[in-house]
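# Reading the structure
Okay, here's what each chain looks like letter by letter:
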Amino acid sequence: MTLEIAVAAALFAGVVVYSIFGGADFGSGFFDATAGGARRGAEVRTLIDHSIGPVWEANHVWLIYVLVTWWTAFPGTFAAAMSTLWLPLMLALMGIVLRGASFAFRKYSATLGQAQLFGIVFAGSSLITPFFLGCVAGAIASGRVPADGGGDLLSSWVNPTSLFGGLIAGGSCAYLAGSFLVADAARSGHRGLAEMLRVRTLGVGALTGALVFAALVPIKQDAPTLFDGLTGRALPLMVLSALAGASALVLIWTRRYSVARFAVAAAVATVTLGWGAGQYPWLLVDEVTIVDAAGADATLQALLVAVGLAVVIVLPALSYLLYLTQSERWLRH
Amino acid sequence: MTLEALQVLLSDTPSGLLPARNQMALSLGWHIILACFGVAFPSMIFIVHWRGVFRGDAVALELAKRWSKVSAVLFAIGAVSGTVLSFEMGLLWPGLMGRYGDVLGLPFAFEGLAFFVEAIFLGIYLYGWGRMPPRIHLLMLVPMACAGVIGTFCVIAVNAWMNNPTGFRLNAAGEVVDVDPWAAMFNDGVWLMFAHMWVGAFVVVGFTVAGVYAAGMLRGRRDRHHRLGFVVPFVFATVAALAQPLVGHVLGLRVAESQPAKLAAFELAETTEQPAPLRLGGIMIDGEVRYSIDIPKIGSLIARNSFNKPVPGLDEVPEDERPPLNITHWAFQSMVGIGSLLALSVLLFWFVRWRGRDLLESRWFLRYAVAAGPLAMIALEAGWIATEVGRQPWVVWQVLRTEDAVTDNPWIWWSLAGTAVVYLGMTVGAYVVLRSMARRWRAGELDLPSPYGPESAEGVQEPSR
């Protein structure tokens with residue numbers, strides 16, 4: 001493995017982890033939005049608050065990790081993508097800002113009216129962010145970001161691959177969130193709540209799975225390089241993703257929630273990995289390869305030092321946080 | 001869009017330059033206040049929480065609980081507004097990131113690690129109340145405080161590099177070669193600039209938090225809760241406010257060597273003078289300084305640490321490399337003026353206290369203490385304006401001009417407007433929520449449960465309203 005590929009792998013590992021953990025946080029916006037009025041939705045919203053409250057900021061940092069590694073290791077392509085995909089990135093950014101702020105504000109709102117206002121902003125921004133990030137991924141994967149930037153500001157992301165990318169991202173987030181929320185609800189003994197979430201999660205999961213495979217039809221025309229990769233090198237991953245996603249549906253159907261979470265996470269991880277493997281060795285598809293995009297060797301080496309430190313420092317701390325939030329002591333409200 | 005047309009008419013610079021610079025200034029200027037809380041607040045919470053756990057001080061423990069809830073709100077909007085800056089590096093300045101990303105990027109990677117640590121332990125700390133052994137829970141603040149130090153260093157390292165670019169070479173074809181990211185990170189300017197910002201964070205947070213309790217005392221709430229809530233941050237503010245003029249002075253001495261044009265703008269110096277006067281106030285109109293108060297020789301003393309060394313003037317700088325003068329000068333002098341006032345005021349407080357009088361009994365001092373927080377924020381913003389505007393027209397000093405780094409996106413005025421609206425909304429939201437938290441605490445509520453639903457559903461706690 002060359003230096004460039006090692007750094008690209010570390011970068012993409014961040015994308016995969018963010019799509020799972022960050023995705024699960026954003027996906028809770030779907031269940032918040034569909035929870036119903038103040039009275040009926042109180043239980044779901046309390047669960048969401050409790051579920052993502054301790055972890056969303058840590059999960060969010062994976063995005064920072066991805067951005068920073070991208071611009072440091074592959075600066076030219078970062079600038080090209082940022083200038084071409086300016087609008088969806090700006091909208092995703094707005095979603096990120098509003099989601100985080102309104103989530104914190106809602107938790108400490110004094111009145112129901114305030115909580116409802118912040119709640120609407122929270123749910124809405126949680127829905128749009130994965131969509132626009134998915135559009136960005138679709139634009140890169142369908143070869144619409146020119147190597148020197150300055151691609152079309154609209155058609156670069158308003159196209160079949162991008163739109164399917166956005167919808168798949170949104171659906172995956174909701175499926176993930178549903179599987180985590182239903183498990184939390186069941187473990188803390190909220191049976192009625194778990195049943196309601198179970199049905200919605202099954203619906204979202206089935207729909208998202210269908211979307212992933214339906215997307216292959218337009219992608220064949222719209223993004224042939226990606227299509228060849230997905231049906232070639234990445235085929236095992238796509239098959240694994242289908243198996244994981246389907247078995248997750250079965251597990252949720254049969255109420256084995258704690259295992260189901262891992263199956264959904266595996267489905268999302270493999271579909272994200274499938275995208276990465278599908279567009280390899282391109283960084284910007286049809287434009288720049290990973291090797292050609294890389295910055296100075298000294299910087300790539302230094303970045304691997306940073307990645308090593310992350311493995312030593314961040315992963316144990318993160319595991320501790322996740323361990324605590326999943327332990328019985330923390331489940332009590 | 002008339003503004004845009006005006007801008008195009010006025011100059012041949014890219015039409016996005018003005019709004020892009022304003023958007024960066026707005027989002028950076030907003031975030032830096034929150035970043036200060038991320039850096040300095042955990043240490044202050046640690047002190048009161050420590051007293052609560054190890055001295056059995058119930059008042060201190062209650063302060064720690066409240067401050068941790070406040071930090072939940074502040075750190076959330078701090079995290080997202082910091083993310084804005086990460087995006088804006090590319091969305092607004094692709095010419096900087098595309099060309100120099102692999103030179104300047106490394107400190108950001110380490111800052112990412114620090115941010116990770118801070119976010120992880122913040123989550124544990126906030127939700128650990130009543131769910132962890134108290135001593136272990138207290139320890140969760142330590143990694144947060146450490147991450148604040150490292151994070152500050154890393155972010156400042158990038159800014160210091162922009163002012164002292166090193167760790168690369170431009171070859172004959174103008175390409176960036178011989179990149180050494182470690183040399184870029186540990187450039188000559190980084191240590192002093194880091195110290196200046198780190199201490200500045202404690203000045204801002206110390207005075208701001210102390211001011212909240214001074215306001216309470218002004219309204220007659222003179223219990224131990226308010227005294228302790230004032231004294232702990234005020235002690236931090238005292239140490240920081242006294243250290244800051246020294247750090248700032250030593251940092252300033254570098255400017256004469258490394259960025260003479262910036263120093264000339266600080267000092268409003270049209271021509272090189274030896275010895276140079278200290279020019280208080282004043283405004284440059286048509287190449288002439290008016291309405292200033294000049295104190296002979298002191299300019300040389302402050303800028304060069306000598307009564308007769310010259311202070312460089314703008315006449316030594318090519319015309320198209322001169323920074324905007326008046327705004328840089330005024331920002332610089334506001335920072336120095338407010339910083340001096342803050343340092344003198346803490347000296348006065350502790351001197352009078354040593355002589356046996358407590359200024360907390362004085363309504364005038366309390367009023368001043370309330371104002372000190374906003375004043376410290378103004379000083380911080382002024383300092384950033386001075387150094388950033390004083391670096392113009394360069395984004396990377398004498399290497400890359402800002403107009404060559406800016407995006408050519410045609411929608412930057414819209415994004416500036418949108419940014420302003422979102423930040424205004426966040427400011428109002430934070431103010432409303434924090435005020436309501438304080439009000440409910442005063443009314444005797446302790447836990448502040450989240451207010452979902454007008455009545456409790458299955459197993460969900462009823463909001464105690």
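Our subject is the structure listed above.
Described below are features of the structure shown in this document. Nothing here was measured: the structure is a model prediction, and the numbers come from that model. (Residues numbered from 1 in each chain as written. Chains lettered and ligands numbered in written order. Predicted model: local features only at pLDDT ≥ 70, side-chain atom pairs only at ≥ 80, totals over all residues. Heavy atoms only, no water.)

## Describing the overall build of chain A
Helix and strand counts for chain A stand at 15 helices and two strands. Over its C-alpha trace chain A gives a radius of gyration of 20 Å, about what one expects of a compact globule, namely 20 Å for 333 residues. In terms of its C-alpha atoms, chain A occupies a principal-axis envelope of roughly 55 × 40 × 35 Å. Each of the 333 residues in chain A was classed as buried or not, and the buried ones make up 63%. Pairs at least 24 apart in sequence give 79% of the contacts found in chain A among residues at least 6 apart. Distance from the positive charge centre (18 side chains) to the negative charge centre (17 side chains) of chain A: 19 Å. (Helix = DSSP H or I, 4+ residues; strand = E, 2+ residues; numbered from the N terminus. Rg over C-alpha atoms; globule rule 2.2 N^0.38 Å. Buried < 20%, exposed > 50% of the residue type's maximum accessible area, 1.4 Å probe, protein only. Contact = heavy atoms within 4.5 Å. Lys, Arg positive; Asp, Glu negative; His and termini not counted. Charge placed at Lys NZ, Arg CZ, Asp CG, Glu CD.)

## A look at helix 12 (residues 257–279) of chain A
Here helix 12 of chain A is 23 residues long and its end C-alpha atoms lie 33 Å apart, about the 33 Å a rise of 1.5 Å per residue gives. Taking burial as the measure, the 23 residues of helix 12 of chain A include 17 buried ones, the bulk of the element. (Expected span 1.5 Å × (residues − 1).)

## Looking at the interface of chain B and chain A
Residue-level contacts link 76 residues of chain B with 79 residues of chain A. Summed over both sides, the interface of chain B with chain A buries roughly 6,900 Å², with 75% coming from carbon and sulfur. In terms of surface lost to chain A, no three residues of chain B exceed Phe116(B), Arg131(B) and Tyr452(B), which account for 12% of the buried area on that side. The tally of links between chain B and chain A comes to zero salt bridges. There are seven residue pairs in polar contact (both at pLDDT 80 or more) connecting chain B and chain A. Here the side of chain B that touches chain A takes 24 residues from helix 4 (residues 94–128) of chain B, the largest share from any one element. Of the residues belonging to the side of chain B that touches chain A, the class tally is 50 nonpolar, 19 polar and seven charged. (Buried area = accessible area lost by both parts, 1.4 Å probe. Salt bridge = Lys/Arg side-chain N within 4 Å of Asp/Glu carboxyl O. Polar contact = N/O pair within 3.5 Å; in protein donor to acceptor, adjacent residues only side chain to side chain. Nonpolar A, V, L, I, M, F, W, Y, C, P; charged D, E, K, R; others polar.)

## Observations regarding empty space enclosed by the protein
Rolling a probe over the atoms, with the probe sized like a water molecule, indicates the empty space that remains. Counted by the stated rule, this structure contains three cavities of 30 Å³ or more. Taken as a whole, the largest cavity encloses approximately 80 Å³ of empty space. Going through the elements one at a time, helix 3 (56–73) and helix 14 (297–326) of chain A together with helix 4 of chain B are the ones with two or more residues in the lining of the largest cavity. Residue composition of the lining of the largest cavity, grouped by class: nine nonpolar, two polar and no charged. (1 Å grid on protein atoms, 1.4 Å probe; cavity = no way out; pocket = protein on both sides within 12 Å on 5 of 7 lines; lining within 4 Å. Points joined across faces, edges and corners; volume = space filled by probe spheres on them.)

## A look at the packing of aromatic side chains
All names here are of chain B. Across all of its chains, the model carries 41 aromatic pairs over all chains by this definition. Measuring from ring centre to ring centre gives 5.7 Å for Phe153 and Phe186, while their planes differ by 40°; the resulting arrangement is tilted. Taken together, the residues span a long stretch of sequence, with Phe153 in helix 6 (residues 141–163) and Phe186 in the loop between helix 7 (181–185) and helix 8 (190–218) at a distance of 33 residues. Phe153 sits in the buried class, given a relative accessible area of 9%. Here the aromatic residues Phe153, Phe186, Trp191, Phe194, Trp198, Phe202 and Phe236 are joined through ring pairs into a cluster of three or more. (Phe/Tyr/Trp six-rings, centres within 6.5 Å; stacked < 30°, edge-to-face > 60°.)

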